[in-house]
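So the chains spell out like this:
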Amino acid sequence: MKLDAKIPDGPLEQKWSRHKKEMKLVAPNNKRKYEVIVVGTGLAGGAAAASMAELGYKVKSFCIQDSARRAHSIAAQGGINAAKNYPNDGDSIWRLFYDTIKGGDYRSREANVYRLAEVANEIIDQAVAQGVPFAREYSGLLDNRSFGGAQVSRTFYARGQTGQQLLLGAYQAMMRQVYEGNVEYFPRHEMLDVVVIDGKARGIISRDLVTGELMRFEADAVVLATGGYGNVFYLSTNAKNSNVTAAWRAYKRGALFANPCFVQVHPTCIPVSGDYQSKLTLMSESLRNDGRVWVPREKGDKRHPNDIPEEERYYYLEERYPSFGNLVPRDVASRNAKMVCDEGLGVGETGLAVYLDFRDAIKRDGLESIKARYGNLFDMYENIAGENPYKQPMRIFPAVHYTMGGLWVDYNLMTNIPGLFATGEANFSDHGANRLGASALMQGLSDGYFVLPATIGNYLADEKPGTRYGTDHEAFVQVEKEAQEQIDRLLNVNGKRTIIDFHRTLGKIVWDKIGISRNKEDLESAIKEIQELREEFWKDVYVPGEKNNYNKYLEFAGRVADFFELAELMAKDALDREESCGCHLRDEYQTEEGEALRNDKDFAYVSAWEFKGLNGKLETELHKENLEFEFVELKQRSYK
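Just so it is clear, the model here is predicted, and its values are computed rather than measured. (Residues numbered from 1 in each chain as written. Predicted model: local features only at pLDDT ≥ 70, side-chain atom pairs only at ≥ 80, totals over all residues. Heavy atoms only, no water.)

## Considering the environment of V196
Moving on, step 1. Within the fold, V196 resides in strand β6 (residues 189–197).
Moving on, step 2. Residue class for V196 comes out partly exposed when judged on its relative accessible area of 27%. (Helix = DSSP H or I, 4+ residues; strand = E, 2+ residues; numbered from the N terminus. Buried < 20%, exposed > 50% of the residue type's maximum accessible area, 1.4 Å probe, protein only.)

Here it is, written out as structure tokens:
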């Protein structure tokens, strides 16, 4: 299989504009003849459904929640990047591009990243026109704040609710089209498989989560906007409904899965407090603008943090990275938090936490100023941790937050299966080995509002409008049959061990051995442990309830079954990558100071894995998309 990324020729700054000029178009009177399925209603899916319906396409939108307003996109609190340079501090599209590709440790495509930076300004204009209440400064201009990995202020924000406000903008645009009759909306539906006919994606099989009914839907193209797979770790900042099933079933139908081991670990999360937890809570990276990260200088110092004098506090990020301080990228902050805790300097009962302290910011700017910026985040922390962050430091620790890996797509956001597109966190395309803060919202809306609505027309222009196979086609019948067999198999195991126990055990293996740091021995061990646990799952899992009604256990079991297979692929991908990059430290490949040590000679490529079968172990074939760097110089990152 030859991977063709379809990157346009020409100067970097002209690739997207030239590509748009040269792409094929669908005439307005023909757009209504095409039907597009969009799975997912977060920022990427909601924006895509709204935009394509506005253009005239007939859209079917599938939402796993009871309302699209509950998409996990709301959890992105801190902001969205764009290079408008309102603060006049030297920002530009080029600088945003460079910071993003450097932040990803040079493991992403230049062309995709530049397009992301270029389109970002249009996103802000779009959101403002929709009424998104971005913060404004005294002059009336939109305000900006800093985020990790940048030395300029380019992050637009709506207090600590940016994701929610942007989602409401996309939601109202989509629901307008639902009202107009151009979007047919299916809430509480889960996609279980994609249907491929004559080598092209032609529809999906979904399950009505209320009635349990399996349903067939046909279209001219299928768009997956189903988010990331962070819940493979069991504990993550992801909503519990977030899963890999749609992308994974597409993978098993022939779509390549790229860079599965590239996972974002966020440095500012509320630490684990007990086995009862089902998820972790994110504290926005925006807090690192004013909060100072530190630990006691001496091991075993159990004094109240307010009683530890300044000279006995170790502000390790400020000391190690003076140029960026507390605003180093997430991978650097996360790795350093783990390092100081491994050295015995961690705080709290578990020793797996560091302090995020606002004492100096409150003295400098005043209590009311800090409340205005972060009040809702501080309230959330106090509700969960039972401590007042205005009076004592927050305790934070890294947690899985975002997945850079996903379905392989070309420049047009199409997978290697013609007619199957993947957008937002469901694809791999823009972030490399580490995502800078405030760029998840940027990618989701870039893909949904501006990129996909243009590129999908380029594909559909070659498809005869109105071509239908009918959902009684043998391919639909067979795929539905296989989906039903998987459901029946889960219900018929009738074992004794709960789904959540299996998931928790899997998550511990993945976190301990495929997490912030890895090594060859642990990765090989992880593969064997995952295989053995998966075999036990299919012999001893207990899935209560029935298939023909509302059954959360059955939903959960299907997703955990997919996580078992994904976890093995993640370990294989991490084992293949004999280098350290981003937040993926291979113990064997690091500098004397504990920094990631890349190997550009051998590993400057995208790992694109093809499914070959599952027989006790996951059988795969690795395809490599070599990354060419024409416009930036490959060099080891430094934030010192």
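After that view, the rundown keeps rolling.
## Quick word on the pattern of salt bridges
Moving on, step 1. Tallied over the full model, the rule gives 61 salt bridges.
Moving on, step 2. In this structure, D301 and R303 form a salt bridge, with 2.8 Å as the shortest nitrogen-oxygen distance.
Moving on, step 3. The shortest N-O distance in the salt bridge between K508 and D512 comes to 2.7 Å. Of this pair, K508 and D512 both sit in helix α14 (residues 499–514), separated by four residues, roughly a single helical turn. (Salt bridge = Lys/Arg side-chain N within 4 Å of Asp/Glu carboxyl O.)

## Observations concerning the sheet that holds strand β22 (residues 605–615)
Moving on, step 1. On the basis of which strands lie adjacent, the open sheet formed by four strands has the order β16-β10-β22-β23 and antiparallel pairing. Edge positions in the sheet fall to β16 (406–407) and β23 (617–626), since each has one partner strand and no second.
Moving on, step 2. One ladder, built from ten bridges, connects β22 with β23; its direction is antiparallel. For S607, the partnering residue across the bridge sits in β23 and is K624. (Pairing = 2+ DSSP bridges.)

## A look at the pairing of β22
Moving on, step 1. Pairing geometry for strand β10 (residues 257–258) and β22, over two bridges, is antiparallel. Across the sheet, residue A258 finds its bridge partner in β22, namely A608.
Moving on, step 2. Adjacent in sequence and paired antiparallel, β22 and β23 are bridged by one residue, among which G616 carries a positive phi angle near 85°.

## Things to note about the environment of G348
Moving on, step 1. Mapped onto the secondary structure, G348 falls in the loop between α9 (330–342) and β14 (354–357).
Moving on, step 2. Taking the C-alpha atoms as reference, G348 lies 9.7 Å from S273; in sequence the two are 75 residues apart.
Moving on, step 3. With sequence-adjacent residues up to four places away left out, G348 is seen in contact with K302 and R395. (Contact = heavy atoms within 4.5 Å.)

## Describing empty space enclosed by the protein
Moving on, step 1. A full pass over the atoms with the stated rule returns seven cavities of 30 Å³ or more.
Moving on, step 2. Volume-wise, the largest cavity comes out at about 820 Å³.
Moving on, step 3. Lining of the largest cavity is provided by 50 residues; of these, H72, S73, T226, G227 and E425 occupy positions nearest its centre.
Moving on, step 4. At the level of secondary structure, the elements contributing two or more residues to the lining of the largest cavity comprise α3 (43–55), β6, α7 (245–252), β15 (394–403) and α12 (440–460).
Moving on, step 5. A class-by-class count of the residues in the lining of the largest cavity yields 19 nonpolar, 26 polar and five charged.
Moving on, step 6. Approximately 130 Å³ is the volume found for the second largest cavity.
Moving on, step 7. Along the wall of the second largest cavity there are 14 residues; nearest its centre are E190, L192, I487, L554 and G558.
Moving on, step 8. Mapped by element, the contributors of at least two residues to the lining of the second largest cavity are β6, α7, α13 (474–493) and α16 (552–576). (1 Å grid on protein atoms, 1.4 Å probe; cavity = no way out; pocket = protein on both sides within 12 Å on 5 of 7 lines; lining within 4 Å. Points joined across faces, edges and corners; volume = space filled by probe spheres on them. Nonpolar A, V, L, I, M, F, W, Y, C, P; charged D, E, K, R; others polar.)

## Looking at the domain arrangement of the chain
Moving on, step 1. Segmentation of the chain into domains returns domain 1 (267–401) and domain 2 (474–606).
Moving on, step 2. Taking only C-alpha atoms into account, the centre of domain 1 sits 30 Å from that of domain 2.
Moving on, step 3. Contact residues are listed per partner, giving nine residues for domain 1 and eleven residues for domain 2.
Moving on, step 4. Regarding the contact of domain 1 and domain 2, the summed buried area is about 840 Å², with carbon and sulfur atoms giving 61% of it.
Moving on, step 5. Of all residues in domain 1, D331, R335 and K338 bury the most surface against domain 2, accounting for 52% of the area lost on that side.
Moving on, step 6. Applying the counting criterion to the domain 1 and domain 2 interface returns one salt bridge.
Moving on, step 7. In this assembly, domain 1 and domain 2 are joined by two residue pairs in polar contact (both at pLDDT 80 or more).
Moving on, step 8. Secondary-structure elements contributing two or more residues to the side of domain 1 that touches domain 2 are α9 and β15.
Moving on, step 9. Ranked by residue count, the leading element in the side of domain 1 that touches domain 2 is α9, at five residues.
Moving on, step 10. Broken down by class, the residue content of the side of domain 1 that touches domain 2 amounts to four nonpolar, one polar and four charged. (Domains from an automatic or database assignment. Buried area = accessible area lost by both parts, 1.4 Å probe. Polar contact = N/O pair within 3.5 Å; in protein donor to acceptor, adjacent residues only side chain to side chain.)

## Considering the packing of aromatic side chains
Moving on, step 1. Applying the stated criterion to the full structure yields 31 aromatic pairs.
Moving on, step 2. Consider the rings of W94 and Y114, whose centres lie 6.4 Å apart with planes at 55°: the pair is tilted. In this pair, W94 is assigned in helix α4 (residues 93–103) and Y114 in helix α5 (residues 110–130), connecting sequence segments 20 residues apart.
Moving on, step 3. You can call W94 partly exposed: its relative accessible area is 34%.
Moving on, step 4. For Y114, a relative accessible area of 7% gives the class buried. (Phe/Tyr/Trp six-rings, centres within 6.5 Å; stacked < 30°, edge-to-face > 60°.)

## Some thoughts on unusual backbone geometry
Phi is mostly negative for residues that are not glycine, and the peptide bonds are mostly trans.
Moving on, step 1. The phi torsion at D105 lies on the positive side, around 60°, for a residue other than glycine.
Moving on, step 2. With respect to the secondary-structure elements, D105 resides in the loop between α4 and α5.
Moving on, step 3. Positive phi is not limited to glycine here, since R188 has a value of about 55°.
Moving on, step 4. Note that R188 resides in the loop between β5 (183–186) and β6.

## Brief notes about helix α11 (residues 367–385)
Moving on, step 1. End to end, α11 covers just 20 Å across 19 residues, shorter than the expected 27 Å (1.5 Å per residue, more than 12% under).
Moving on, step 2. The principal kink in α11, of about 85°, is found at Y374.
Moving on, step 3. For α11, every residue scored as buried is listed here: I370, Y374, G375, N376, L377, F378 and Y381.
Moving on, step 4. Contact partners of the buried residues in α11: α10 (359–365) and β15. (Expected span 1.5 Å × (residues − 1). Bend = angle between axes of the 7 residues up to and from the residue.)

## Quick word on the side chain of H431
Moving on, step 1. When you line up the elements, H431 lands in the loop between β17 (420–422) and α12.
Moving on, step 2. Given a relative accessible area of 2%, H431 falls into the buried group.
Moving on, step 3. Among the polar contacts made by the side chain of H431, one reaches the side chain of Y402 at a distance of 3.5 Å.
Moving on, step 4. Aside from chain neighbours lying at most four places away, what touches H431 is G104, S108, L116, Y402, M404, S439 and Q443.

## Considering the side chain of E480
Moving on, step 1. Tracing the backbone through its elements, the reader meets E480 in helix α13.
Moving on, step 2. Among the residues examined, E480 registers a relative accessible area of 18% and is labelled buried.
Moving on, step 3. Within the structure, the side chain of E480 is placed 2.4 Å from the side chain of R216, a separation counted as a polar contact.

## Side note on the sheet that holds strand β7 (residues 200–208)
Moving on, step 1. Here we have three strands laid out as an open sheet, ordered β6-β7-β8, and antiparallel in their pairing. Each end of this open sheet is capped by a strand with a single partner; those strands are β6 and β8 (214–218). Strand-to-strand twist across the sheet, computed as the mean angle between neighbouring axes with direction ignored, equals 25°.
Moving on, step 2. Sheet analysis places β6 next to β7, joined by eight bridges and oriented antiparallel. Residue pairing in the sheet places I197 in a bridge with K200 of β7.
Moving on, step 3. Lying over the sheet, α13 contacts β6, β7 and β8, oriented at roughly 140° with respect to β6. (Axes fitted to C-alpha atoms, helices over the stretch in contact; angles between N-to-C directions.)

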